[in-house]
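Chain by chain, the residues:
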Amino acid sequence: MTEQQTTNDALFDRAKGAIPGGVNSPVRAFGSVGGTPRFIRSASGPYITDVEGVERVDLVASWGPALLGHAHPAIVQAVQEAASRGLSFGAPTGGEVDLAEEITRRVPIAERVRLVSTGTEATMTAIRLARGATGRDLLIKFDGHYHGHSDALLVAAGSGLATLAMPGSSGIPDAIAHTTIVLPYDDEHAVEAAFAEHGDRIAAIIVEAAPANIGLIAPRPGFHAFLARTAHAHGALLISDEVLTGFRVHPSGMWGIEGTTGDDAPDILTFGKVVGGGMPLAALGGRRDVMDLLAPLGPVYQAGTLSGNPLAVAAGLTQLRLADDAVYARLDEVADAITAGLSDALTAEGVEHAIPRVGSLFSLAFAASAPRTYDDAKAQAIFRHAPFFHAMLDGGVALPPSLFESWFVTASHDDAAIERVLAALPAAARAAAAAQPG
Ligand SMILES: Cc1ncc(COP(=O)(O)O)c(C=O)c1O
Ligand SMILES: NCC(=O)CCC(=O)O
C-alpha cells in the first residue's frame, strides 16, 4: 500500500506499529491538542498537502527552515544539480567555503564557521568548545530554553518537553545534569548570584538568541549584552543559540537586530534551520581564537561523516543568496497581516491574548500580557489552544500543534494565502472563546 492509497488514520495506525508514537520527533505528535497528526504528501510555496489531498496554508514551515516557502524551484534545482555530481564525498568542497563565507559576511563576529548536520550538534559542539576553551565544566542555561536534545541541554528545556509537561528527559546521568545550572530568563540578579557562587567553574552561558520554545519572548534590550559582559568578567563565554532565529528574524539573525560587538557580543553562535534550506545542515561560528580550538587545529574534537553534505550546502547557500532585503520585507508584511488578523479575531470574541514578536517571528499567548518566563508561559489559558488549533486546521491552516511553539511565515505567503488564514480565524477565535478550563 502506498501513502497515497491509504487514509491518514490508517497510516498513523501503521506508523504506531513501526515507529514509537508514530512520529520521528515528538513535536509532530498531536499530544497536547488531541487527534491524529496529518501525514504529508507534498508541499509547495505556502501550502502543505496531506495524504488525503487536503491542502492547507502552512505556518510551521518545517519548524523554520522554509524561509522562501516549500520546494522553492531554485533550491530544488540546486539540490538536483548537486545530487547529479554525487551525494556525499567525505572530503572538502568549494560549496562549503562559499556557505561559511556567506555566514561570516552576514554575521562578521562568526569569524570561523564549522558546518554540522543538526542544530543539536551545533549546540552540543558549542558547549564542548566552551568547556575546552575555559577548562571548566559548568554551564548556565535558562528555564524553558530549548537547544536540541544533547544530554546537558535537555535540562529544564522547552519545545516538546514543555508541550508534554516533562520536567526533563530520563536517561541523562545525574553527573551531567548537575553540570547545568538552570536560571530564570530575564533575571540579572539570578545570573549575578550564580556567578558569585560558582564563577570560577562556569564555562559558558547558553541563551536562545530570542527564546522561542516556550512561545516567543522578545529579549529585553541590553539583557544579552549584560550576559556577555558578566560571562566575560568571570572568564566564561556566551553562546548565542540562533538555530531558530538565524537568518530568519533579520538578514543577520538576532545578532543583526542587537548588533553587539566586543565585550557585549557572544563568543560562539549556533545556526540551523534556515541555513540548511530544508536539508540537514547547521553550523557554529565564533571568535577565531575560540573556533580554532576545534580539531584538527586544536584539542576539542568534533567530526561528522555527512558534515557539509554537498546537497545540504547547495540548498542552504541557494536559500541564503536568494534571501535579500525584499524577502525580509515580505516576511514582515506577512507577519503584520497575520498578527493583525489574529488579534482582531480574538479581540472580537473577547479572548485575552498577547502576540509577542521579533522580526517576522511571533507566537500566540492566551494571557493578558506576553509571558517573560517559563512560569509565565505555563500560567496562561492553555486550555484554549486545542479548540483554536483544530478550528484552524479544519479551516485550512496548519499551525504548530503546541502553544509553546512559534509560528513561521515564509516569503511565499502571497495575499491569497494570507486571505485564507484570515478567513479561518473568526471560527477559531469563537472556539477559543467557548473553551472551558479542565
Ligand atoms: C533554539 C534551538 N536550538 C537548537 C535546536 C535544535 O535543532 P535541531 O532540531 O536541528 O537539532 C532548536 C530546534 O529544534 C532550536 O529551536
Ligand atoms: N521549536 C522546536 C523545534 O523546532 C523542534 C523541532 C523538532 O524537534 O522536531
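- You'll find the protein chain entered in an unreviewed UniProt entry as Glutamate-1-semialdehyde 2,1-aminomutase, with Agrococcus versicolor given as the organism.
- Under the Pathway (unreviewed entry) heading, UniProt states for the protein chain: "Porphyrin-containing compound metabolism; protoporphyrin-IX biosynthesis; 5-aminolevulinate from L-glutamyl-tRNA(Glu): step 2/2."

### A closer look at the site of ligand 1
Then, in step 1: All residues in the neighbourhood of ligand 1 are listed as Thr-118, Gly-119, Thr-120, Tyr-146, His-147, Gly-148, Glu-208, Asn-213, Asp-241, Val-243, Leu-244 and Lys-273.
Then, in step 2: The contact in question runs from an oxygen atom of ligand 1 to an N or O atom on the side chain of Asn-213, over 3.1 Å.
Then, in step 3: A distance of 2.6 Å separates a nitrogen atom of ligand 1 from a polar atom in the side chain of Asp-241.
Then, in step 4: Starting from 380 Å² of accessible surface for ligand 1 in isolation, the protein chains cover 83%.
Then, in step 5: A class-by-class count of the residues in the shell around ligand 1 yields three nonpolar, six polar and three charged.

### Observations concerning helix α4 (residues 119–134)
Then, in step 1: Taking 1.5 Å of rise per residue, 16 residues should cover 22 Å, and α4 covers 23 Å from first to last C-alpha, within 8% of that figure.
Then, in step 2: When α4 is considered as a whole, its buried residues turn out to be Gly-119, Thr-120, Glu-121, Ala-122, Thr-123, Thr-125, Ala-126, Ile-127, Leu-129 and Ala-130.
Then, in step 3: Directly after α4, the chain includes Gly-135, whose backbone phi takes a positive value near 70°.

### Remarks on the sheet that holds strand β5 (residues 138–142)
Then, in step 1: Here seven strands make up an open sheet; going across it, the order is β4-β10-β9-β8-β7-β5-β6 and the pairing mixed. The sheet is open, and its two borders are formed by β4 (112–116) and β6 (180–183), each paired with just one other strand. Pairwise comparison of adjacent strand axes, ignoring direction, gives a mean angle of 20° for this sheet.
Then, in step 2: Of the strand pairs in this sheet, strand β7 (residues 202–208) and strand β8 (residues 237–242) are connected by five bridges, and their pairing is parallel. Each residue of the ladder has a partner; that of Ile-205, found in β8, is Leu-238.

### Things to note about the site of ligand 2
Then, in step 1: Near ligand 2 you find Ser-25, Val-27, Trp-63, Ser-159, Asn-213, Leu-244, Lys-273 and Glu-405, and these make up its full shell.
Then, in step 2: Asn-213 places a polar side-chain atom, nitrogen or oxygen, 2.5 Å from a nitrogen atom of ligand 2.
Then, in step 3: Taken by itself ligand 2 offers 280 Å² of open surface, and the protein chains cover 85% of this.
Then, in step 4: Taken together, the residues of the shell around ligand 2 sort by class into three nonpolar, three polar and two charged.

Cut-offs applied
- Residues numbered from 1 in each chain as written.
- Chains lettered and ligands numbered in written order.
- Predicted model: local features only at pLDDT ≥ 70, side-chain atom pairs only at ≥ 80, totals over all residues.
- Heavy atoms only, no water.
- UniProt positions renumbered as here; feature names shortened; annotations may be inferred.
- Near = heavy atom within 4 Å.
- Polar contact = N/O pair within 3.5 Å; in protein donor to acceptor, adjacent residues only side chain to side chain.
- Areas by Shrake-Rupley, 256 points an atom, 1.4 Å probe, with all protein chains shown as cover.
- Nonpolar A, V, L, I, M, F, W, Y, C, P; charged D, E, K, R; others polar.
- Helix = DSSP H or I, 4+ residues; strand = E, 2+ residues; numbered from the N terminus.
- Expected span 1.5 Å × (residues − 1).
- Buried < 20%, exposed > 50% of the residue type's maximum accessible area, 1.4 Å probe, protein only.
- Pairing = 2+ DSSP bridges.
- Axes fitted to C-alpha atoms, helices over the stretch in contact; angles between N-to-C directions.

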